[in-house]
Structure formats: C-alpha cells, structure tokens
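As a plain string of letters, each chain reads:
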Amino acid sequence: VGETSGGGEDNQAVLKKLSEMPYEILESKSVQYQDFLFKLIIIGDSAVGKSCLLHRLTNNEFMTDHEVTVGVEFGTLLVKLEQQVFKLQIWDTAGQESFKSITKIFYRGAHCIFLAYDITRLETFNNLATWYNEVMAQSEPDVILFLVGN
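Position numbers for residues count from 1 along each chain, tracking the sequence in the order it is written. Per-residue local features of the predicted model are confined to residues with pLDDT of at least 70, and side-chain atom pairs are confined, for both listing and counting, to 80 or more; whole-chain, interface and lining totals are unaffected and use all residues. To obtain the side-chain values, all non-hydrogen atoms of the structure were included, while hydrogens and water were left out.

## Some points on the packing of aromatic side chains
The relative placement of two aromatic rings is captured by the distance of their centres and the angle of their planes. Short version of the rule: Between the rings of Phe, Tyr and Trp (Trp by its six-membered ring), a pair exists once the centres lie within 6.5 Å; its type follows the angle of the planes, with under 30 degrees stacked, over 60 edge-to-face, and the other angles tilted. The way it works is that DSSP assigns letters per residue, a run of H or I at least four long becomes a helix, a run of E at least two long becomes a strand, and they are numbered from the N terminus. Type-normalised accessible area, obtained with a 1.4 Å probe on protein chains alone, sets the label of each residue: buried when under 20%, exposed when over 50%, and partly exposed for intermediate values. A ring is considered to have a charge above it if a Lys NZ or an Arg CZ atom is located within 6 Å of its centre and within 35 degrees of its normal.
The tally for this structure, following the rule as stated, stands at four aromatic pairs. Geometrically, the ring pair formed by F36 and F86 is stacked, given 4.9 Å between the ring centres and 20° between the ring planes. Taken together, the residues span a long stretch of sequence, with F36 in strand β2 (residues 36-44) and F86 in strand β4 (residues 84-93) at a distance of 50 residues. Since its relative accessible area comes to 34%, F36 is described here as partly exposed. Exposure remark for F86: the relative accessible area of 18% places this residue in the buried category. A centroid spacing of 5.5 Å and a plane angle of 75° characterise the contact between F114 and F146, whose relative ring orientation is edge-to-face. Note that F114 is positioned in strand β5 (residues 112-117) and F146 in strand β6 (residues 144-149), a separation of 32 residues in sequence. By relative accessible area, which is 13% here, F114 ends up buried. Feature note: the residues F36, F38 and F86 constitute an aromatic cluster, connected by ring pairs. Cation over ring: K39 sits above W91, and NZ or CZ is 5.8 Å from the ring centre.

Structure, rendered in structure tokens:
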C-alpha cells in the first residue's frame with residue numbers, strides 16, 4: 001500500500017487504493033495459517049449490541065436479539081487481500097459492571113477497540129467517557145479506536 005507522511009491527501013490516496021483492492025472473506029475452517037493477526041475488542045455498556053456486531057462481522061448475519069454475554073465471547077474473521085491472509089480475532093466483552101475486572105485483561109495487545117453505544121439510550125453514549133478512560137489506562141498507546149452507534 002505504501003507509507004504516508006501523515007498528510008490528509010496521502011491518507012486519502014491510501015484509503016482509495018485500499019477500497020479498490022479485491023478481497024475475499026475466507027471460511028475459518030479452510031485456512032490453517034495467516035500472514036497477519038489482529039486483535040479487536042468490542043466494549044460498551046450492557047445491551048448496546050456488541051454481541052450482534054460480533055455475529056454480523058463473523059457470520060455475515062444480522063441478529064435482532066441476543067442473550068446477555070457472560071464474561072467474553074470470541075469470533076474470528078479471515079480476509080484475503082493481495083494473496084495475504086489477515087486473521088481478525090474479535091472479542092466481545094460483557095458490559096455489566098460485575099465483569100469489568102475480567103474484561104480489563106483483554107485490552108492488552110489489542111490493535112483496535114470498538115467503543116459501542118445504543119443510539120436510542122443517551123446514557124450509553126455518556127458512559128463512553130468512562131470506557132474511553134479505561135481503554136487509555138489498560139491498552140497499548142497506539143491502539144486504534146472506532147466509535148460504533150448501534
């Protein structure tokens with residue numbers, strides 16, 4: 001893809017090039033190796049749709065309802081891009097306060113964190129400040145953050 005000097009135009013060119021590259025979603029059972037491994041974590045308050053997002057990413061299916069996550073759930077997405085296989089390990093963490101001590105250990109080594117909230121519940125958006133502070137305290141300094149309104 002090439003490196004950028006940090007300029008907005010260079011970043012736009014890289015994103016355009018990436019969006020034009022052909023890719024393939026692979027069945028996880030069909031691949032025994034990967035060229036790159038990335039750890040992604042989905043966090044946020046309880047009942048904001050974290051498990052449904054995980055299911056959508058890993059199974060390409062939309063779920064309208066899901067049972068409460070106890071602790072952590074895990075899924076994998078394999079993407080082939082320019083003859084290289086990228087494995088995404090996606091961790092869905094429980095949003096309940098009682099599981100916060102368990103989920104903190106999953107921040108370490110994460111390349112990307114999705115901060116999720118429910119667009120119909122303002123308190124879940126307001127609570128993102130607490131989640132953000134926890135991410136900054138527990139994760140790597142170069143972690144990439146995405147805000148997901150569900």
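## Structural notes on the nonpolar core
Defined as follows: By nonpolar core we mean a set of buried residues, namely Ala, Val, Leu, Ile, Met, Phe, Trp, Tyr and Cys, connected to one another through side-chain atoms within 4.5 Å. We call two residues in contact whenever any of their non-hydrogen atoms come within 4.5 Å of each other.
Counting 13 residues, the largest nonpolar core has I41, I43, Y107, I113, L115, W131 and V135 as its most contacted members. Of all the secondary-structure elements, those providing two or more residues to this core are β2, β5 and α5 (128-138). Apart from the residues within four sequence positions on either side, Y107 is in contact with I41, I43, I113, W131, E134, V135, Q138 and S139. Listed in part, the eleven residues of the second largest apolar core include L54, V79, L88 and C112.

## Observations concerning the pattern of salt bridges
Between side chains of opposite charge, pairing is possible as soon as their charged atoms come close. What counts, and what does not: We count a salt bridge whenever a side-chain nitrogen from Lys or Arg sits within 4 Å of a carboxyl oxygen from Asp or Glu.
Per the counting criterion, the structure on display carries three salt bridges. Measuring nitrogen to oxygen at the nearest pair gives 3.5 Å for the salt bridge that ties D118 to R121. For R121, a relative accessible area of 24% translates into the label partly exposed. Notably, a salt bridge pairs E123 with R121, separated by 3.3 Å at the nearest N-O pair. When salt bridges that share partners are traced, they join D118, R121 and E123 into one network.

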